[in-house]
Amino acid sequence: MAVEPVVYGASERPPRGDYSRAGADYTCPQDYASYTPADHATYRRLYERQAALLPGRACDAFIAALPSLGVKDRIPHFDEINQRLYQATRWEIVTVPGLIPEVPFFSLLANRKFPVTDWIRKPEEFDYIVEPDVFHDLFGHVPLLFDPVFADHMQAYGKGGLKAHGLGACELLSRLYWYTVEFGLIRQKDGFRAYGAGILSSPGELQHAIASPEPQRLPLDIERVMRTRYKIDSYQQTYFVIDSFQELFDKTAPDFTPVYARVKTLDELSAAPAAA
Ligand code: PHE
Ligand code: FE
């Protein structure tokens, strides 16, 4: 095989993708011919269910950009999305066989390339899937790459990741990604809305994140985020809220070198709110 597969965390499961397809940068062509009619139907059903939940829950920028993904009754050709995306923000999506290691991931983002897994979940995983598939990656992440400020933030994150790798701070930076790009909330005039892909691609979490009284919703504080552990197997109990993508860009623009050094001396915080 060209490159080693990736498994995050302790797992007995072999990774799902076929990494023999990937080149040195972990990208490969989208294997469009391998999609079955059932795969296209899974995408269509996921899209329909999730699109119906967006009003009042997803942020305006996401709802406005979603139609730019194109067809919704089958898995889109990535090339077709790229024609619109490149024009809008000079970003492109590239195909990967599944999760990829930190350094190639950061390098792609730093070059305004977003890695999208091409395979889709099995029907029995309709409600819950452990690894990101094409629905999570496309529907969850790609619409906001059409937003110029968010798009610039993602590139800055990639460059910041390469730097964090050199500083031994990838874990701290990954918490920032988790609580913003995956599970971030934004405050609009009409209330909290989701911009994080992990929320936007999950029917249960989308309702929980916006309407549940249980989780705490804190203003984005970079140090606090970097100290906060996260749960990958349940709804979040803590969300961090921004007022605009410009706020996200500006708060992540300073040099994190001293921030990482300080956070490493502080205690970690629980993913859950402190007991009342
Ligand atoms: N400003 C961060 C640094 O100097 C890099 C960064 C930018 C990280 C945007 C996340 C998001 O390390
Ligand atoms: Fe994701």
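Residues numbered from 1 in each chain as written. Chains lettered and ligands numbered in written order. Predicted model: local features only at pLDDT ≥ 70, side-chain atom pairs only at ≥ 80, totals over all residues. Heavy atoms only, no water.

### Observations regarding the site of ligand 1
By nearness alone, every residue bordering ligand 1 is listed as His153, Ala156, Tyr157, Gly160, Lys163, Leu173, Leu176, Thr252, Ala253, Pro254, Asp255 and Phe256. Within the backbone of Ala253, one N or O atom sits 3.3 Å away from a nitrogen atom of ligand 1. The contact in question runs from a nitrogen atom of ligand 1 to an N or O atom on the backbone of Pro254, over 2.6 Å. Within the complex, 93% of the 330 Å² of free accessible area of ligand 1 lies under protein. Those elements that place two or more of their residues in the shell around ligand 1 are helix 6 (148-166) and helix 7 (170-182). Residue contributions to the shell around ligand 1 peak at five residues, all from helix 6. A class-by-class count of the residues in the shell around ligand 1 yields seven nonpolar, three polar and two charged. (Near = heavy atom within 4 Å. Polar contact = N/O pair within 3.5 Å; in protein donor to acceptor, adjacent residues only side chain to side chain. Areas by Shrake-Rupley, 256 points an atom, 1.4 Å probe, with all protein chains shown as cover. Helix = DSSP H or I, 4+ residues; strand = E, 2+ residues; numbered from the N terminus. Nonpolar A, V, L, I, M, F, W, Y, C, P; charged D, E, K, R; others polar.)

### Comments concerning the pairing of strand 5 (residues 216-219)
Of the two faces of strand 5, only one is covered, namely that formed by Gln216 and Leu218; the face formed by Arg217 and Pro219 stays uncovered. Bridging between strand 5 and strand 6 (residues 238-242) involves four bridges; their strand directions are parallel. Note on strand 6: the bridge partner recorded for Pro219 is Val241. Traced from strand 5 through helix 10 (residues 222-227) to strand 6, the parallel crossover comes out right-handed. (Buried < 20%, exposed > 50% of the residue type's maximum accessible area, 1.4 Å probe, protein only. Pairing = 2+ DSSP bridges. Right-handed = clockwise from strand over helix to strand, strands pointing away.)

### Quick word on the pairing of strand 3 (residues 185-188)
In the sheet, strand 3 pairs with strand 4 (residues 191-194) via four bridges, with the strands oriented antiparallel. Bridge assignment links Gln188 to a residue of strand 4, and that residue is Gly191. Between strand 3 and strand 4, which pair antiparallel and follow one another directly, the connecting turn spans two residues.

### Concerning the side chain of Thr95
Within the secondary structure layout, Thr95 lies in strand 1 (residues 92-96). Only 3.4 Å separates the side chain of Thr95 from the backbone nitrogen of Gln30, close enough to count as a polar contact. When residues no more than four places from it in sequence are discounted, the contact partners of Thr95 are Arg21, Tyr26, Thr27, Cys28, Pro29, Gln30, Phe78, Val116 and Asp118. (Contact = heavy atoms within 4.5 Å.)

### Considering helix 7
Burial analysis of helix 7 places eleven of its 13 residues in the buried class, which makes it a mostly covered element. The complete set of buried residues in helix 7 reads Cys170, Leu172, Leu173, Arg175, Leu176, Tyr177, Trp178, Tyr179, Thr180, Val181 and Glu182.

### Details of unusual backbone geometry
Even without being a glycine, Tyr26 presents a positive backbone phi close to 70 degrees. As for its placement among the helices and strands, Tyr26 is situated in the segment before helix 1 (37-53). Among the residues examined, Tyr26 registers a relative accessible area of 9% and is labelled buried. Residue Arg112 is not a glycine yet carries a positive backbone phi of 55 degrees. Tracing the sequence through the fold places Arg112 in the loop between helix 4 (102-110) and strand 2 (113-117).

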